[in-house]
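Architecture at a glance
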Amino acid sequence: MAAIPRKESNHDPRPGDAAFTVRELLRLPLFLQARLVAGERGLQGTVARVNVMEVPDIEPWVRAGDLLVTTGYPFREDQGKLLQLIPELAKRGIAALGIQTKRFIDEVPKEVIEEAERQRIPLIELPPDMSFSDVVRTVMENVLAQEAALLADLQNRISSMTRLLLDGSGLYAFLDAMEMMLGNPVAVVREQEKPWLSEGLRNADPVEVWPVVQSLTFRHVGRGLSNGFVLLQNSFRAYVNPIPAQRMKQACLVLLERNRDIVPIDVLSVERLSSLAGLELANVEAVREVEGKYLDQFLQDWLLGKFVSESDWKLRAEVCGCTIPEQTPLCAVVVGMTDPAPPAEKLRELARRLRSERLRVVDALLAAPVGGDLVLIVPVPESLRPEAQAEASPTGLLQRLLTELRPLLGDPELKLYSGRVAERADRLPASLSQAKRARQVAEVCGLLGEVVTYDRLGVYSLLYLIPSSEEREQFLQRFSLPLQQADKKGGGRLMETLEMFFRCNGNIKLTSEKLFAHYNTIVYRLDKIQSILGVSLDDPEDRLQLQLSLKLGQITPGSSGAI
């Protein structure tokens, strides 16, 4: 793909351009004694008005296109304030800064000249005998002579873009038309979402595009937007304007200065067209909301086994735009998040975000909120199916997927719990049941690992098949109940000590460290356990019985069921 075109000259004239530039300003007889000391790259900037500055806090009153003139009086005692002012003026998009020397400032400081050059602000040294009233009159005569043509051009731009949206062309066509009209690429950047890019950016080299877009996203969206010029990576300059929208994420309309200089009418166009972009974004959001609800419902019905026939599933999948081929092996995955009970709205938002992402590891990933869980439907390639080769399983795929999901969802402690691979769509509900069981067993039994598959559960999955029965209760009464009763009577945390003893593989020293208890205290508790139960912790059979009773006692009766 082609790289983003860069400016070869300061200005490429377009039909209909009408502007009074800084270059033309310096050619006026009144400015023959003035001297340009910095900012030659900004000479094609358009002068829209004159602003006289004699107070230090002028920034809120400056507008794009201003010729800002000053005697230097506000900086006579602290010229460092003038240096700090230059970047703010660049952000406001002023056309030029004129400083009258030999009155309150003998000469423009070198640091100010260098900063103005870096910000591409034409810095003009005005002669001490220049009358500011003459400057205002002369400049405004030239500005007003062309203002009518500029306003007509702005109105034509807004009208043509309005007609484009009314015709239903969509947001991308809107951005492409803006790029053609303004001569520079544009983008809509939105918090935590992929940006919408005009054609010049969509067809450009991603190596050059994405650093610029990312710098826009991270620096300007989601932290209190304000309009103005910004300097981005690779010496990009851009004009950023917030998009007004209700009940939507913060967004901004961005004009990148790549092919030609941004002139004030371009700034005005971006400001006026931001409202139209907001309306189209609201339309996109409404359509996405409706489509998302239908897809959420379809995926939930699918995962919960509510389809009565294959034809019903196919019809609903087609209507909702589900693109997974019928014969693709799938597995259901429950996402374990740090927040154990995320709000339903957050789950819906995360599911829709994942569906819109193009992941490197998995193609056509589907996600949906099911109950209080975020559930993924993961396509499993043939080569990773357990039957394909003995050592292959989805675990490696899920581990790579987890690595990609953690930064995407902003949760470094994310875990994945997977069911078995389903050969057909109608077997996916069973895979979800297994994924839920994998999480349940992993949490109860303390299984280690960031990715836990159902096949990893081993003997623990059998504990879930034991129903609430007389035999189960007798087993627990034999090994667990006596210790629980002793703890209630002040027996010394016996259940906790026994569980930690097994977790530490029978290492008494490590158990004492984990429980912050003295070594002899742990020895005393273990002796008491053996005495109460009539068992020996040196007997492998007794240890197995005790471990099973601990795990079985933590499993809620009725949580098990057939696979």
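Residues numbered from 1 in each chain as written. Predicted model: local features only at pLDDT ≥ 70, side-chain atom pairs only at ≥ 80, totals over all residues. Heavy atoms only, no water.

**Topic: helix 18 (residues 519-533)**
- Helix length check: helix 18, at 15 residues, gives a terminal C-alpha distance of 22 Å against a target of 21 Å (1.5 Å per residue), a fit within 8%.
- The set of residues buried in helix 18 consists of Ile 522, Arg 525, Leu 526, Ile 529, Gln 530 and Leu 533. Viewed along the axis of helix 18, the buried residues span an arc of 135°, placing them on a single side of the element. Pointing more than 90 degrees away from the buried face of helix 18 are the exposed residues Asn 520, Tyr 524 and Ser 531. (Helix = DSSP H or I, 4+ residues; strand = E, 2+ residues; numbered from the N terminus. Expected span 1.5 Å × (residues − 1). Buried < 20%, exposed > 50% of the residue type's maximum accessible area, 1.4 Å probe, protein only. Arc of directions from axis to C-beta.)

**Focus on the side chain of Asp 373**
- Tracing the chain through its elements places Asp 373 in strand 13 (residues 373-379).
- According to the relative accessible area criterion, Asp 373 is buried, its value standing at 12%.
- Separated by 2.8 Å, the side chains of Asp 373 and Arg 439 make a polar contact.
- Excluding anything up to four places from it in sequence, Asp 373 contacts Val 334, Leu 347, Ala 368, Lys 436 and Arg 439. (Polar contact = N/O pair within 3.5 Å; in protein donor to acceptor, adjacent residues only side chain to side chain. Contact = heavy atoms within 4.5 Å.)

**What to know about empty space enclosed by the protein**
- Tallied over the entire structure, the rule returns two cavities of 30 Å³ or more.
- In this structure, the largest cavity occupies an estimated 230 Å³ of space.
- Forming the boundary of the largest cavity are 23 residues, of which Gly 45, Ile 94, Arg 120, Arg 237 and Ile 262 lie nearest the centre.
- Looking at the lining of the largest cavity, the elements with two or more residues in it are helix 2 (80-92) and helix 8 (264-303). (1 Å grid on protein atoms, 1.4 Å probe; cavity = no way out; pocket = protein on both sides within 12 Å on 5 of 7 lines; lining within 4 Å. Points joined across faces, edges and corners; volume = space filled by probe spheres on them.)

**Examining helix 8**
- Relative to the 58 Å expected for 40 residues at 1.5 Å per residue, helix 8 spans 55 Å between its end C-alpha atoms, a close match to the ideal helical length.
- Where helix 8 bends most, the angle comes to about 30°, and this point is Leu 273.
- Gly 305 sits one or two residues past helix 8 and shows a positive phi near 70°. (Bend = angle between axes of the 7 residues up to and from the residue.)

**Points about the sheet that holds strand 10 (residues 251-256)**
- Reading across the sheet, the five strands line up as 7-6-10-9-8 and stay open at both edges, with antiparallel pairing between neighbours. Two strands close off the open sheet at either side, each with one partner strand: strand 7 (196-197) and strand 8 (228-231).
- Two elements, strand 9 (residues 237-242) and strand 10, share five bridges in a ladder whose sense is antiparallel. Of the residues in strand 10, the one forming a bridge with Tyr 239 is Leu 255. (Pairing = 2+ DSSP bridges.)

**Comments concerning the pattern of salt bridges**
- Inspection of every chain in the model, using the stated rule, returns 22 salt bridges.
- As a salt-bridge pair, Asp 176 and Arg 202 come within 3.0 Å of each other at their nearest N and O atoms. Separated by 26 residues along the polypeptide, Asp 176 in helix 5 (residues 171-182) and Arg 202 in helix 6 (residues 199-202) bring together distant segments of the chain.
- Residue Asp 455 pairs with Arg 420 through a salt bridge whose shortest N-O separation is 2.8 Å. Taken together, the residues Asp 455 in the loop between strand 15 (451-453) and helix 13 (459-463) and Arg 420 in the loop between strand 14 (415-418) and helix 12 (428-445) connect sequence positions 35 residues apart.
- What makes Arg 420 partly exposed here is its relative accessible area of 40%. (Salt bridge = Lys/Arg side-chain N within 4 Å of Asp/Glu carboxyl O.)

**Some details on the sheet that holds strand 3 (residues 66-70)**
- The five strands are arranged 1-5-4-3-2 in an open sheet whose pairing can be described as mixed. Edge positions in the open sheet fall to strand 1 (35-38) and strand 2 (49-52), since each of these has one partner strand only. On average, each strand axis in the sheet is tilted by 25° relative to the strand beside it, whichever way the strands run.
- Looking at chain direction, strand 3 and strand 4 (residues 96-100) are connected through four bridges and run parallel. Residue pairing across strands places Leu 67 opposite Ala 96, the latter belonging to strand 4.
- Contacting strand 1 and strand 5 (123-126), helix 3 (residues 110-119) crosses the sheet at an angle of about 80° to strand 1. (Axes fitted to C-alpha atoms, helices over the stretch in contact; angles between N-to-C directions.)

**A look at the nonpolar core**
- Of all hydrophobic cores here, the largest spans 30 residues; its most connected members are Phe 298, Leu 299, Trp 302, Leu 303 and Ile 377.
- The set of elements that each furnish at least two residues to this core consists of helix 8, helix 9 (310-320), strand 11 (330-336), strand 12 (366-370), strand 13 and helix 12.
- At six residues, helix 12 tops the list of elements feeding residues into this core.
- Beyond its immediate stretch of four places on either side in the chain, Leu 299 contacts Arg 355, Leu 366, Ala 367, Ala 368 and Ile 377.
- Ranked by size, the runner-up nonpolar core spans 28 residues in total, among them Leu 171, Val 186, Phe 229 and Ile 243. (Core = buried A, V, L, I, M, F, W, Y, C linked by side-chain atoms within 4.5 Å.)

**Some points on the environment of Gly 65**
- With respect to the helices and strands, the residue Gly 65 is situated in the loop between strand 2 and strand 3.
- The sequence separation of Gly 65 and Gly 45 amounts to 20 residues, and the corresponding C-alpha distance is 7.4 Å.
- Non-local contacts of Gly 65, meaning those with residues more than four positions away in its chain, are made with Thr 46, Val 47, Ala 48, Arg 49, Gly 93, Ile 94, Ala 95 and Pro 264.

**Structural notes on the side chain of Ser 512**
- Tracing the sequence through the fold places Ser 512 in helix 17 (residues 508-514).
- Not counting the four nearest positions on each side in its chain, Ser 512 is found in contact with Ala 517, His 518, Tyr 519 and Ile 522.

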